[in-house]
Amino acid sequence: MLWNSAPDQLSWGLSLEDLRSSGDPLFKQLIHYPHEGGTFFLSLLSMLFIPLEGIVPPLSWAALLVDTFSRAVQFLAARKLFGDRTAFWFALWSICSAPLMLPWATVDFGLHALMSFAPFMLISAAQRSEGSRFVLGMLCGGLASLAYDVWVFAPAFMAWEIAKNATWRVGLRRILLFVAGASLAFLPHLLLRAFVDHGFGLEQLSVLSVRGLEKGDIDPLALPQKAWAVISGALPGSFTLERMDQWNWRLAASVVLLFMLLGSAGALRLQDERSRARGLVILTLFMFLLAVIIGPFFEPRADGHGYLYYRYFPFIAPLFALLLLDGFAHYRPLAFVLRTGWVLGCTALAAIYMWGMQPYRTTNDEATGWVLGRKYGDDPTLLFRIIGRAEADQRSALVYGAGWGLTAALFDRREPSDERALLRFEELWAQVPSTEKPMMRKGVLRAFDAGITPVLDPAFSPLLSSATER
């Protein structure tokens with residue numbers, strides 16, 4: 001019942017329930033976040049599972065189906081790239097690590113886990129020397145329009161092409177064809193973002209915005225420390241889902257890291273007909289880690305744990321596992337022992353997590369309302385219609401969260417001198433049903449409590465307090 005703890009999935013599910021009931025096919029209700037085009041197709045797929053919603057929510061059914069497809073693609077690509085033996089061990093790892101990997105698929109914290117097949121597909125396609133680089137670019141751009149994680153393949157492929165071609169001119173020509181194809185395939189997604197309403201009207205997101213996180217500051221002096229935290233803690237820690245400020249889980253992550261170092265070193269030293277494929281895998285992994293370290297999206301924390309903290313890493317974890325299982329072949333006398341140790345270790349971590357996980361009996365309604373407020377706050381009529389689809393005992397918390405989310409979206413990074421934001425708030429407040437205003441007002445003021453993110457300018461608090469009394 002982990003979906004009860006996932007406000008993104010709960011709010012998305014309510015939106016789809018309203019869409020089915022109202023019969024009004026709004027695009028912004030079918031696509032959850034603008035930068036995740038894949039959510040549109042998941043929404044459509046979930047409609048097929050409405051008869052089974054008494055067992056598992058429709059979105060979770062859809063995610064499980066896509067996860068099955070993703071694992072199948074990964075296995076077939078592993079077999080093509082590294083042969084039957086490595087593919088067998090990879091399939092075994094995939095099954096045994098399911099309790100750790102599946103929750104990312106069934107609980108929506110982005111499409112990172114469900115899109116983990118993309119690098120496998122792209123790396124496999126790139127191995128065809130006679131294959132068109134323009135078509136490969138189109139495949140990359142199309143997959144990237146479903147989830148932006150896929151873009152880490154592009155710089156990896158460019159570096160790989162330059163390195164493997166005899167002359168830089170040949171490599172450059174193939175790169176230009178790739179870029180042309182990727183741009184053409186990604187263009188429809190950009191046009192949709194530019195001209196179709198995706199929601200989140202209060203935030204005025206740019207065409208390439210990722211939940212507004214790109215507005216965060218990047219401190220170059222902090223990058224070495226962040227790199228160490230990601231490589232030594234967050235990456236291996238994602239195979240445990242536990243917090244790294246506890247010595248036992250830190251030790252477990254260190255063992256995972258040791259396996260990663262051994263497998264990576266082995267892959268680098270193997271020289272055979274599969275070396276080029278390994279090179280592209282390694283470059284893709286490197287570009288992913290570089291994006292996590294340099295980008296403003298992930299912030300390491302000593303107490304970080306769980307899906308929200310580790311959500312980016314399941315996109316690359318299967319590819320990393322494949323590289324390690326292949327790289328262990330370098331240590332020929334110990335290859336079987338290392339592979340067995342890796343699979344059994346991940347199995348143990350998955351079992352510990354699975355047995356220790358308690359079901360979520362109640363839904364996370366305040367956070368769900370927060371997401372709804374941010375997405376539909378510019379349309380109070382639709383916002384309260386969606387909230388009305390929830391159970392009666394959930395609605396007060398949803399309204400409270402909606403007030404909090406609306407305020408956060410409208411006043412984040414705003415100065416008190418911004419009269420337009422205040423006028424916009426008053427305009428929206430006038431459209432709130434009078435019966436909902438008391439609870440909505442509490443949510444509005446909640447946005448200014450200590451420890452709440454995003455941190456809003458406290459000077460707005462008395463102004464909004466006065467505005468909501470009317």
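Small disclaimer: the values here were computed from a predicted structure and weren't measured. (Residues numbered from 1 in each chain as written. Predicted model: local features only at pLDDT ≥ 70, side-chain atom pairs only at ≥ 80, totals over all residues. Heavy atoms only, no water.)

(A) Expanded view of the overall build of the protein. Across its full length, the protein holds 21 helices and 0 strands. Whereas a compact globule of 470 residues would reach a radius of gyration of roughly 23 Å, the protein reaches 24 Å, a difference of no more than 12%. With respect to the principal axes defined by its C-alpha atoms, the protein has extents near 75 × 50 × 50 Å. The burial tally for the protein puts 53% of its 470 residues in the buried class. Within the protein, contacts between residues separated by at least 24 positions form 74% of all contacts whose residues are at least 6 apart in sequence. Working note: accessible area of the protein is about 21,100 Å², and carbon and sulfur atoms make up 64% of it. (Helix = DSSP H or I, 4+ residues; strand = E, 2+ residues; numbered from the N terminus. Rg over C-alpha atoms; globule rule 2.2 N^0.38 Å. Buried < 20%, exposed > 50% of the residue type's maximum accessible area, 1.4 Å probe, protein only. Contact = heavy atoms within 4.5 Å. Areas by Shrake-Rupley, 256 points an atom, 1.4 Å probe, with all protein chains shown as cover.)

(B) Local environment of unusual backbone geometry. The omega torsion across Thr 453 and Pro 454 is -5°, close enough to zero to call that bond cis. Checked against the element boundaries, Pro 454 lands in the loop between helix H20 (437-446) and helix H21 (460-467). In this model, Leu 241 sits at a positive phi of 65°, which is unusual for a non-glycine residue. Looking at the element boundaries, Leu 241 is found in the loop between helix H10 (223-237) and helix H11 (247-269). A residue is classified by how much of its surface remains accessible, and Leu 241, at 4% relative accessible area, is buried.

(C) A look at the packing of helix H8 (residues 153-164) against helix H9 (residues 168-195). For the pair H8 and H9, interaxial distance at closest approach is 8 Å and the crossing angle is 155°. Accordingly, the angle class assigned to the pair H8 and H9 is roughly antiparallel. In this structure, the crossing between H8 and H9 has a hand that is right-handed. Across the interface between the two elements, Phe 153, Ala 154, Phe 157, Met 158, Glu 161, Ile 162 and Lys 164 of H8 pack against Trp 168, Gly 171, Leu 172, Arg 174, Ile 175, Phe 178 and Val 179 of H9. For the contact of H8 with H9, the class distribution of residues is 10 nonpolar, 1 polar and 3 charged. (Axes fitted to C-alpha atoms, helices over the stretch in contact; angles between N-to-C directions. Parallel < 35°, antiparallel > 145°, perpendicular 65-115°, else oblique. Left-handed = near helix turned anticlockwise from the far one by under 90°. Nonpolar A, V, L, I, M, F, W, Y, C, P; charged D, E, K, R; others polar.)

(D) Up close: a nonpolar patch on the surface. A surface patch of nonpolar side chains, amounting to about 490 Å² of accessible area, comprises Met 138, Leu 184, Leu 187, Leu 191 and Phe 195. When residues in the nonpolar patch are grouped by element, the largest group, 4 residues, is from H9. Turning to its location among the elements, Leu 191 is positioned in helix H9. Note on Leu 191: relative accessible area 43%, which makes it partly exposed. (Patch = residues over 30% accessible without salt bridge, like charges linked within 9 Å, V, L, I, M, F, W, Y side chains within 5 Å. Salt bridge = Lys/Arg side-chain N within 4 Å of Asp/Glu carboxyl O.)

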